[in-house]
Structures are given as C-alpha cells and as structure tokens.
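The primary structure of each chain is shown beneath.
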Protein chains: 2
Amino acid sequence: MEGVQQEAQNREAFRQAVTNTLERRLFYIPSFKIYRGVAGLYDYGPPGCAVKSNVLAFWRQHFVLEENMLEVDCPCVTPEVVLKASGHVDKFTDLMVKDEKTGTCYRADHLLKDFCKDKLERDPNLPAEKAAEFKQVLAVLDDLSSEELGAKIKEYDITAPDTKNPLSAPYPFNLMFQTSIGPSGVSPGYMRPETAQGIFVNFKDLYYYNGNKLPFAAAQIGQAFRNEISPRQGLLRVREFTLAEIEHFVDPEDKSHPKFPDVAKLEFLMFPREDQVSGRSARRIHIGEAVAQGIVNNETLGYFIGRVYLFLTQLGIDKDRLRFRQHLANEMAHYAADCWDAEIECSHGWIECVGIADRSAYDLRAHTDKSGVPLVAHEKFTEPREVEKLIIVPVKKELGLAFKGNQRMVVEALEAMGEKEAMEMKATLESKGEAAFHVCTLDKVVTINKDMVSISKEMKKEHQRVFTPSVIEPSFGIGRIIYCLYEHSFNTRPSKDGDEQMHFFSFPPLVAPIKCTVFPLVQNQQYEEVARQIARSLTAYGISYKIDITGTSIGKRYARTDELGVPFAITVDSTSSVTIRERDSKQQIRVNVDEVASVIKEVIDGQSTWGDVLWRYPTHSS
Amino acid sequence: MEGVQQEAQNREAFRQAVTNTLERRLFYIPSFKIYRGVAGLYDYGPPGCAVKSNVLAFWRQHFVLEENMLEVDCPCVTPEVVLKASGHVDKFTDLMVKDEKTGTCYRADHLLKDFCKDKLERDPNLPAEKAAEFKQVLAVLDDLSSEELGAKIKEYDITAPDTKNPLSAPYPFNLMFQTSIGPSGVSPGYMRPETAQGIFVNFKDLYYYNGNKLPFAAAQIGQAFRNEISPRQGLLRVREFTLAEIEHFVDPEDKSHPKFPDVAKLEFLMFPREDQVSGRSARRIHIGEAVAQGIVNNETLGYFIGRVYLFLTQLGIDKDRLRFRQHLANEMAHYAADCWDAEIECSHGWIECVGIADRSAYDLRAHTDKSGVPLVAHEKFTEPREVEKLIIVPVKKELGLAFKGNQRMVVEALEAMGEKEAMEMKATLESKGEAAFHVCTLDKVVTINKDMVSISKEMKKEHQRVFTPSVIEPSFGIGRIIYCLYEHSFNTRPSKDGDEQMHFFSFPPLVAPIKCTVFPLVQNQQYEEVARQIARSLTAYGISYKIDITGTSIGKRYARTDELGVPFAITVDSTSSVTIRERDSKQQIRVNVDEVASVIKEVIDGQSTWGDVLWRYPTHSS
C-alpha cells in the first residue's frame, strides 16, 4: 500500500512539474483566465498552438495525403434531426445527481468512485470483505444502470461533497451543447459531439466523387463539444476539443487492404480482450500475426492500427507507454465488429487517445432510415447472376379490415421482415393458419392469418449487388495526444553549475513549436545584423525561429529555449561563422553564416540526422 | 435601364455557371443535404477543403511566420461575461420583423430594400420624385433606427413576402448562438461571433511572453458563428465561418512600423472617405503617399493594408477587382481611429472580405473595466521624469450630505474626469462657485460646488509610463476570400472540336486543391506501374496528386482535371519519359520519369516558372 501511495505522490509531483512548465511558458492557458476561467476550457498559447498545428500538418501528411483520403470540413452547428438519427439526442448522456438544496450537479459515477477509492486508501480498519466489495464496485462502475448507481449511493449514504446535503436520484444529462438555429426558436440544434456525422451524411456525394468505387476514406479535422457535468483531469477531459477522424468505407464482404503488408511486420504492445479477461498483461504482438490469428477482426482494421502506431511514435510518443487495447464485449456498441483503443500511459494512467473501430454498416443505415436517401454502394456484375429473392406481398384489403387505422404500420412491418423471420412466419402460417407478429411501431403483438400476406422466394437475374458499406473509423483526440506527448518529452537535468534542476522538452523537430532560436552572443550592432541576416534566410526556407537579443547570459537563454523544446540554438559569436547547439546532447558545431539555414533545414526535414552533420562540421566546445 | 438589366442577367448567368461547377465538383456541399439542409451552412468538399487549407497555410506563412506573430487557439464556447464586456450581448443585433400570423421572421432592412429595389426596377410609371425617394431610402438604409425602419414599412404598407400577412414592429434579435455551459443551467454562454476576444483577454500573458515589449501581434484562426435571421447570398453570408484575425498591439504615441518602407511603393485601388462622399470613384494611390498625406491614419495601418494587398493578389485575386475602401464616419465605431475594408468585386457586387481597423484602446479598456485586471503596457524611463499630474480629490463628507445614496456614483464620476473636463470644472468653480456635472451612471446632471472637490496639478517624478496599448486589427473572412477567388479564377474556353464550352479554374499552384494528376495514356500494366512510381515520388516530395486510371479519353480526363483547377497533368505514354501539360496554356513538355516530381516541385514552390522549364525540356505536341 505504501509503495502505491509513494508512486501516486511521484506521479503527482511529476505532473505538477510538467503542467507548471506548460502553463508558465504558455503552452496552454486556462481560457478566460481574467474572468476566473471556465472549467474544461483551455487556450493553446503560442508554443502550444504551434505544436498543435505541427501535429495536424503531420496527420494530414501521414493519413490524408499518403492514403489519398477525401478531406471535408463541415460546420459545428448541427440540426437535431442528424443527431437524432445518430442516436446522440437519446443516448449521449451521463448520469447526474443534484445536491437537493443548492442544485449543484455531480456525475453520479464519480461520487461513487471517489467514495470507494477513499475508503480503500484511507480506512486502515476496513474489513477484508468490505474492501473486496468496494473493489468490485470500482471494477463494474461503467456498467451500472441508473437504478444500480442510485441504490449504491443510497446504501453508502453518499452526500454532496461540498455541502453534505442529500442527493437526488441519478438521472441522465445530455452532454451536447444545445442551441437554436435561426430566429424563430423552432429549429433546435447542437454543437456536434464528433465530426463523423458530417462525413456520413455526405456519403453519397463522396462515393460519386470517388468514381463510385470502394474502398475509400474520408477525413475531417475540427472542433467537437461535450458539455461535461464536472470536468476533471485538466487537459484530458475538456468541453471543447479538436478531433481528427477518418471514415474508411469498405465492402463488408472484403475487408482486405492492399497496403497491409507494409505494416504487417510491426510489433508493439497489444492487449486483446482474452488477455484482459484472464488477468494477463499487454504483450508485444506482430500486427500481421494478430490479424492472421483473428485477434484483430480484419486487415483494414489491422492496417489502421499499424499506421496509428507509426503516427504516434513518429510524433515522439514512447512506444513502451503505448498499447492497443481491445474493447471488452460490454464496452462495444452492439453493432460494432471490433474495436481497439490506442492508449497512452501518462501520470493520469492509461488514457484513450485514438479509437479504431469497425462500426459495420450502422451509421449509414441509421441515416438511410431517417433521411430516406439510400446511402449504399453498388457492385456491377460482369455477368448477370441468378439470385434467390425473398418476396413479401401484404394483402392490404385483408389487413385494412383487421387493423383499420393501424394498417399502414402492419404493412410496413411485414415488408421489413428479414429472410429468417419471414421464412419462419411462412412455415407457421402454412402449418397453423396464423402467426403472432410483433409490430415495433405499434409496440404490440398482432395476429396475422394466411390470407393477409404471401411470402415466397423467387429466382431473379441481378446485374449488380447493392449493399451498405461497412465503416472503419480511426478517431484521434488531438488534445490528449498532445498532452501525453508533453509528458513523454519532459526531461530534467542539472544546470551547468549543478545548483538547479533544468526542465526541457525533447520534442522531435517535426513537433517542436519553433525550430531554432538565434542569439547574438553580446549586444552589438554587427552581431545583430548577422542575426537578422540568418533570420531572413530561415524565413525564406519556411523555418520558424525566434531571435533573443536580450543581454541575458547565454546559459539562461539556452535554458529558456530548452524549456520550449526548441531543437537548435544558433549563437552569433562572429560575423563569418556561428555555433549551432543541439538541445538534447548540448553538442555544438561551427557553421558558416550562409550555410546555417540550409543545415537546419536538412535536419528538421529529416534528410540528415544531427549525427550526420556532426561529422561534417568542426565541433565547438563552450 | 436596359443595360443595367442585361448586366444583372450576365452576372446571374456567370454566377450560375460558377456555382454549378463548384457544387458538381464538390468544392462545397450544402450541409446536411440529405435532410434538406440548413440555410447558411455549407461543407467544404474535398477540393474546397484542400483550397481552404492551402489558403490558411499561406496566411500562416505570410503573416504569422514572416512577422513573428504569437498564434493562439481559443475555444468557440464563450461565457457571457466576456461578450458582455465586448458589447456583443447588448449590441450584436439585427432588426427583425415577424409575420403576425405565422411567426416567420424577416430582416426588416431586407424587406424595405427589396421593396424599394423592386419599385425602381419594375414600375415603369414611377414618378421621378418617388424614384428619388426610394433611392434615398436605399442610400441611408444602414443608418435607419428601429423606429424609422418601422415607420417606412408602415408607410409603404409592406407585408410578409410569403403570406402577405401584416408584420410586427421591428425589434432587435441577437445574432449569437446561445447555449448553456455545464449542467446547472445557470451559466449562459455563446458561440463566439469573432475570434478577437480570445486574444484580448490573454493580453497580459502574451505581453509577458513577448518580454514585456511593444509592438507585437497575436493571431488566431478559427470558427466564428452568427445566427443570421435569413441568410442570403449563398456562400457569402453564412451562419458559421472561418476567421483569421490579427491583433497588433502598439504604443498609441508611436504607430510607426519599421517594415513600412517594404510596402510603401505599392500602388493599388483605394477609395478614401472624401472621394466616396464627393461621388468620385476609387483610384490608384501609392500606400506610401496615402500615409504621408494623412489619408491613412498611421504607418502600421498602412503596412497591414499593403500586406493584405500582397496576400490577396498572390492568392490569385484580380488586382483590378480589389479596392481598399475607408469607412465613412457613420460606419465606424466611435472609438475607432481609422478603418479600411479590402473589398473584392464579384457577381454579388463589392464584398467586404478583410477589415483593417485601428480600434484604439477600446477592447483592452473594456476588459480591464469588467474584469478588474489591468491590461496595460509599461514604458520604463532610463531617467525618472518630472510629469505634471492631475489630482482630483472629491470631498466625500460634503458629497454625502448633498447626494446621500448616490454619493459613490458622483465620487467615481469625478475621479474619472479627463484632464480637459477637470480643468474646465476647476475654472468654473473658481469663477462661479459651482458647476453643472453630468454623471453617466445616474444619467443626470448634478450641481457640484467648490467645497465638494479639489482639483489641482502637481509635478511628480515618474519612473515609467503606464498606458493601454492601441490595437490594429486585420480580420479576414476566409470563406468570402475563397468564394471571390473561385469567381476570379473561373474561365471558359471552347473544347478542341469547338462543340462545347469548357470551364476551368486558373488557380495559382499555391491554391490549387491538387497539384497534379497522373494519367496512364492507355490501360496497361506497364504504364500503371510507371504511374505508381511517379505517385510515390510525388508523395515523398509532399505534392498532392490524383491518379486517374479510367479508360476515358485523354481529352475528357484533361477536362475533368481542368475543372478542378489542377495546374499540371502528367500523361504516362512511355516507360522512360512522360508528358507534363500546363493547364492554362495547354503547353506540353517531355520529361524523364525520374525527373517529373522534382520539376513539378520546382514550379509549384515558385523556384521556377512554367516559362523557365519550357526552355529546358523538349515541347510535345499532341
């Protein structure tokens, strides 16, 4: 227990050091700070904004450009009908309890979780059976129904944390920000909770744009919104965030991927469902084998898992603190074929940063049903094929006599029967003359007799197959990835005189907010002119830089730029050649003034490594 | 009159041709189309999304990187207090009238405008004096108060356009999308109507980040929202749009700009206030002279006007259909020092696409007042200076006796007097013994006698000057710029056989959605392999491309790619060398397979022109 507490304290101290540095150097700023802020809203300050735009540019390069994806950009304001179809209006909720006197709201599961954790951590006299019970509650927390949560809160006599007042029963709170479109107040709308819906509703146009060919992927980067009940975990659970989502549309009968061999040999930490259930740990698996053994459902899903691994590690995520965890059966939506989360370990534990789900045909079907516009794909046969077709013909006259005003609902329900259900009804009608039939839209069971419907199978010639594509969706929480990147890049080393602990971010050049700083060694006009000359050539190469002409000591200026994660510092200490210092190794080389920009360009573009240029230029010892 | 009508018809036909092409090729898509859409919301489809991200990348390069601006990224969800301080909660409104029977809403000024235009255009028997009256109404439309608009609507007997029902009196409708932050319903919030406020509230931190030095600029790219009453003008007036805004903070006593000489020689269409009032047209003026003559208020404003000119014309905006129009006195906010709009002419007329305003200290003062956090800058003096200071000492006892409960308001108003007002009061008190004084917060005039306040001037030693910076704000409507760019780039030419009119967008490579297309001349494996090889090298260079392996005729494939505005087409017609065709000239050169990507790279990066490479490679005639 003590070891656990010590570790928790270390994590907390580490997190404090990281977030202090991040906030002091304006990587992020609590939004509207001068008005005491709003929980769950953060600004990206200048270096944070630069990191974010580097991450997004790399995402575009790595996914959109490399895979020839169709990128779209849809509005955040979304009419209700779209989110009704997707299920968000009815189901995108958290359970909330209210302080019965003050009206303050809390997430019901958070209160129960805090209570159990507190008991386990702080009550030294806790009987073993009680401890086991609390542990069990924590394990099943996410699966508890509203009633079960309410019962536990009552049983444990949990009260409002701020006032100790009694709490209401849990009730669902929709997490979407609601608004109204137009002035009349009759068109409810929401700020989108994800960007995916904008792609689904455009499927028909995008399929046409792609020459009516599958597979293809569409992508979108944009803001999404969740009106969290009580945001915690700082930068990880926020009310507005940037998502980057891919919807890869594929024939459900062929989920192979032509480029799968490119990633098949990659090996990384995976945590299959079976291993989780049987209490094992995540283990290194070849993604090629995972697909071959059926651990991962299909090649396309496997391909994206591999590409996500490459994306995250190239950004600078530590591969030993990255794992792909498969959803347990109870975590997954009923329609999903398979689902894996890229989880990154940070001081808050293992955090879901990318979700990679095979959502089958669910989303396109939902919008087809609601809009009446068929979101389907076609496969033209080279030769027409004989296909057995189910034919259901409701006899409207008979049904009208029997069901009167409900006739239409019964007709529609009969026509909507699947093959299995229809053939069972046919058999029952033939043997018994009548059959019980559940009509969803009436929510009752009616009796159908054999005069009311004819069911048969016929052979038909078909020239094409019409089907709803499956969608495989990698969805990236950009803010979470960036936060984890901050933690994984954060380092501490003693100052030159050993008096102080210096912090620095070892970002790869790809991610670094600024690629280099330029320091005239002393304040004089000649050196400043050289610095400006170098600055002009850096701009011409499109390399971001910062000039620091303060008279501060060179050591302090290095410390400042290290703390921002700037990979290279150029010190102007003569008018002909200057010093380039690399952040992590602190090694220095001497380069001619007119070569500086091209050397920096070479290394940040990845054409050469620092090691390569170290050989080519004389080193410099300070 | 007929000439005017003909021109209107031509414009309409041109606009139809452009928007048909744009919609057919998915440059944009009406949002949520399968649900019959939402007025004023549009998606960027794949080529539109690529154009947008090219425009934004160039904006970052041209402004943020070149000028070392501090880019930030703030949330769209904004608490009420911030927009209360900025004035949006009270004043960001349009006047609306309601159909009294159906409740349908209309913009009051739109109805009056339509009525007057309709009369002028369609009533051949309109008496000259009536025509003059309607023209006068159109001229002053934007200045009419709610009462005046209501009176005109009554006078002209204007009814609801759809039903002919009577209309309500005009009343203000706030254009912000409202929502609620958190679950309790007690924290109202809005979707931001502009990105600027996020920068203003961060002034203190950004100033510190910049080493407590002025001037500096902060920038932000992001979504903004306006809940328009009845959006018209297609892509130009929308409910959600991307803004790119710069807030350049400067000492109000020194608005010079060190880089002004870089733009001073530029000459372009300007439309100063004086010329508009006296009925002249826009004319070509050197920006250097405009600043020297005081037409433009200061160098920094002039510098940004010049930079905006360069930005827009480099994107492909026609310089003859771009003008900088100065705001008339009645258009400008009372606090603004000067304001110029970059207006671009398109089929909808002259459209405001960029606003460049010197907003003085207004915004920072407003947030200082509301938040209590001083948003100020400091200038340290090298030597302490003797400064004459105004000292106002209200005598609270006397004021309390005279004003009782209102004492505090009077005290605060006295202390808030400016130097001029205070010295006038001092003179009046000395000569007459009492003075009339308007107290804003009481909204009445009170009498102050000489025992109630002492006013004097004293010499004081000061070590620094504390002041509120002025802000110069260039604000870019990205969607409007892109739409105008579409119109300015749209061209028509006859097909090869002369049977058809072919459309193409002559985008500069910088803007083009895809940089090149790759066509195997005929469908065979060898050519397709060469095409894939070229594709790989294009990807390695970061060049976006599309492969078209359909068997369609090469002419049709050229037409398709021209319509997307793709500058180069690579036709694979042998395994060693291929043809590169330039879109606008249709000229073709032959280049070795392994050189293709680098030639394309050279031209799209602007290192060479098409003319340069034409000389270097053999031309090809098809």
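Everything numeric here is computed off the predicted structure, so don't read it as measured data.

1. Some words on the overall build of chain A
Of the regular secondary structure elements, chain A holds 22 helices and 28 strands. Principal-axis analysis of the C-alpha atoms gives chain A an extent of 100 × 70 × 55 Å. Expressed as a percentage of its 622 residues, the buried residues of chain A come to 52%. Pairs at least 24 residues apart make up 67% of the contacts formed inside chain A by residues separated by at least 6 positions.

2. Some words on the pattern of salt bridges
Residue and element names in this part refer to chain A. One pass over the structure, following the stated rule, counts 94 salt bridges over all chains. Among the salt bridges present, the one from Lys319 reaches Asp320, with a minimum N-O distance of 3.8 Å. Here Asp320 falls in the partly exposed class, since its relative accessible area comes to 47%. Put simply, Arg581 and Asp562 hold a salt bridge, and the shortest N to O gap is 3.0 Å. On the criterion of sequence distance, the pair formed by Arg581 in strand S27 (residues 577–582) and Asp562 in helix H20 (residues 554–563) is long-range, its members being 19 residues apart. Looking at Asp562, the relative accessible area reads 6%, which means it is buried. In the salt-bridge network here, residues are joined through shared partners; they are Lys130, Glu133, Lys152 and Glu155.

3. Thoughts on the state of the cysteines
For the structure shown, the criterion picks out zero disulfides over all chains. Left unpaired, Cys346(A) is separated from the closest cysteine sulfur, that of Cys484(A), by 4.4 Å. Cys346(A) gets classed as buried once you look at its relative accessible area, which sits at 5%. Take Cys484(B): it sits in no disulfide, and the sulfur closest to it among the cysteines is that of Cys353(B), at 3.9 Å.

4. As for the relation of the copies chain B and chain A
Mapping chain B onto chain A leaves a residual RMSD of 0.7 Å; the transformation is a rotation of 179 degrees accompanied by 0.0 Å of translation along its axis. Such a combination of rotation and displacement between the chain copies is what one expects of a two-fold axis. Within chain B, Thr179(B) has its C-alpha nearest the rotation axis, a separation of 2.5 Å.

5. What about the packing of helix H5 (residues 108–122) of chain B against helix H6 (residues 128–140) of chain B?
Residues and elements named next belong to chain B. Where H5 meets H6, the axes come as close as 9 Å, and the angle between the chain directions of the two elements is 145 degrees. Handedness of the H5/H6 crossing: left-handed. Touching Leu112, Lys113, Phe115, Cys116, Lys117, Lys119 and Leu120 of H5 are Ala131, Phe134, Lys135, Val137 and Leu138, all from H6. Counted by class, the contact of H5 with H6 contains eight nonpolar, no polar and four charged residues.

6. So, H20(A)
For H20(A), the set of buried residues is Arg557(A), Tyr558(A), Thr561(A), Asp562(A) and Glu563(A). Backbone geometry just after H20(A) places Gly565(A) at a positive phi near 75 degrees.

7. Quick word on the interface of chain B and chain A
Counting from both sides, the interface comprises 75 residues of chain B and, opposite them, 75 residues of chain A. Together, the buried faces of chain B and chain A total about 6,300 Å²; carbon and sulfur atoms form 64% of this surface. Area buried by chain B at its contact with chain A is led by Ile34(B), Tyr35(B) and Tyr209(B), which between them contribute 13% of it. Linking chain B with chain A are four salt bridges, by the criterion used here. It is helix H2 (residues 46–65) of chain B that contributes the most residues to the side of chain B that touches chain A, eight residues altogether. Its residues assigned to classes, the side of chain B that touches chain A shows 41 nonpolar, 19 polar and 15 charged.

8. Description of the pairing of strand S28 (residues 588–592) of chain B
All names here are of chain B. One ladder, built from five bridges, connects strand S27 (residues 577–582) with S28; its direction is antiparallel. Bridge pairing in S28 links Val578 to Val591. What sits between the antiparallel neighbours S27 and S28 is a turn of five residues, in which Lys586 has the positive phi angle 60 degrees.

9. Some points on the packing of aromatic side chains
Summed over the entire model, instances satisfying the criterion amount to 60 aromatic pairs over all chains. Measuring from ring centre to ring centre gives 5.6 Å for Phe568(A) and Trp610(A), while their planes differ by 35 degrees; the resulting arrangement is tilted. With Phe568(A) in strand S26 (residues 568–572) and Trp610(A) in helix H22 (residues 610–616), this residue pair connects regions lying 42 residues apart in the sequence. For the ring pair Phe268(B) and Phe324(B), a centre distance of 5.0 Å and an interplane angle of 50 degrees mean the geometry is tilted. Pair noted here: Phe268(B) is in strand S12 (residues 267–271) and Phe324(B) is in strand S14 (residues 322–326), with a separation of 56 residues, a long-range link. Considered together, Phe268(B) and Phe324(B) belong to a single accessibility category, that of buried residues. Each residue in the set Phe14(A), Phe27(A), Tyr486(A), Phe490(A), Phe505(A) and Phe507(A) is aromatic and connected to the rest through ring pairs, giving one cluster. Lying across the ring of Tyr209(B), Lys546(A) places its NZ or CZ 4.4 Å from the centre.

10. Here's the deal with the packing of helix H15 (residues 396–403) of chain A against helix H16 (residues 407–415) of chain A
Residues and elements named next belong to chain A. Packing of H15 against H16 leaves a shortest axis separation of 9 Å and a crossing angle of 130 degrees. Relative to H16, the element H15 is oriented oblique. Once H15 is placed against H16, the crossing between them reads as right-handed. Residue-level contacts link Lys396, Leu399, Gly400 and Phe403 of H15 to Gln407, Val410, Val411 and Leu414 of H16.

11. Thoughts on the sheet that holds S26(A)
Residues and elements named next belong to chain A. The strand order across the open sheet formed by five strands is S25-S24-S26-S27-S28, and the pairing between neighbours is mixed. The open sheet terminates on both sides in strands that have one partner only, identified here as strand S25 (545–547) and strand S28 (588–592). Strand-to-strand twist across the sheet, computed as the mean angle between neighbouring axes with direction ignored, equals 25 degrees. By the bridge criterion, five bridges tie strand S24 (residues 516–520) to S26 in an arrangement that is parallel. What sits directly across from Val518, in S26, is Ile570.

12. Details of the UniProt feature "domain: Aminoacyl-transfer RNA synthetases class-II family profile" (unreviewed entry) in chain A
This chain's UniProt record puts "domain: Aminoacyl-transfer RNA synthetases class-II family profile" (unreviewed entry) on residues 137–494 of chain A. Along residues 137–494 of chain A one finds 31% helix and 34% strand; the C-alpha atoms at either end are 45 Å apart.

13. Things to note about the nonpolar core
One finds Phe324(A), Phe476(A), Phe324(B) and Phe476(B) to be the most contacted residues of the largest nonpolar core, which totals 211 residues. Residue contacts for Phe476(B): discarding those within four places in its chain leaves Trp59(B), Phe63(B), Thr242(B), Leu243(B), Ala244(B), Ile246(B), Val308(B), Phe311(B), Cys353(B), Val354(B) and Ile481(B).

14. Here's the deal with the pairing of strand S9 (residues 188–191) of chain A
Consecutive side chains along a regular strand alternate between the two faces of the sheet. Two elements, strand S4 (residues 77–79) of chain A and S9(A), share three bridges in a ladder whose sense is antiparallel. In the strand pairing of S9(A), Pro79(A) is matched with Gly189(A).

15. Observations regarding unusual backbone geometry
Residue and element names in this part refer to chain A. The peptide bond linking Leu214 to Pro215 adopts the cis configuration, its omega dihedral lying at -10 degrees. Mapping Pro215 onto the fold places it in the loop between helix H9 (203–209) and strand S10 (216–225). Residues other than glycine seldom take positive phi values, yet Lys164 does so here, at roughly 65 degrees. Along the polypeptide, Lys164 turns up in the loop between helix H7 (146–155) and strand S7 (171–174).

Rules used throughout
Residues numbered from 1 in each chain as written. Chains lettered and ligands numbered in written order. Predicted model: local features only at pLDDT ≥ 70, side-chain atom pairs only at ≥ 80, totals over all residues. Heavy atoms only, no water. Helix = DSSP H or I, 4+ residues; strand = E, 2+ residues; numbered from the N terminus. Buried < 20%, exposed > 50% of the residue type's maximum accessible area, 1.4 Å probe, protein only. Contact = heavy atoms within 4.5 Å. Salt bridge = Lys/Arg side-chain N within 4 Å of Asp/Glu carboxyl O. Disulfide = S-S within 2.5 Å. Least-squares fit on C-alpha atoms with pLDDT ≥ 70 in both. Axes fitted to C-alpha atoms, helices over the stretch in contact; angles between N-to-C directions. Left-handed = near helix turned anticlockwise from the far one by under 90°. Nonpolar A, V, L, I, M, F, W, Y, C, P; charged D, E, K, R; others polar. Buried area = accessible area lost by both parts, 1.4 Å probe. Pairing = 2+ DSSP bridges. Phe/Tyr/Trp six-rings, centres within 6.5 Å; stacked < 30°, edge-to-face > 60°. Lys NZ or Arg CZ within 6 Å of the ring centre and 35° of its normal. Parallel < 35°, antiparallel > 145°, perpendicular 65-115°, else oblique. UniProt positions renumbered as here; feature names shortened; annotations may be inferred. Core = buried A, V, L, I, M, F, W, Y, C linked by side-chain atoms within 4.5 Å.

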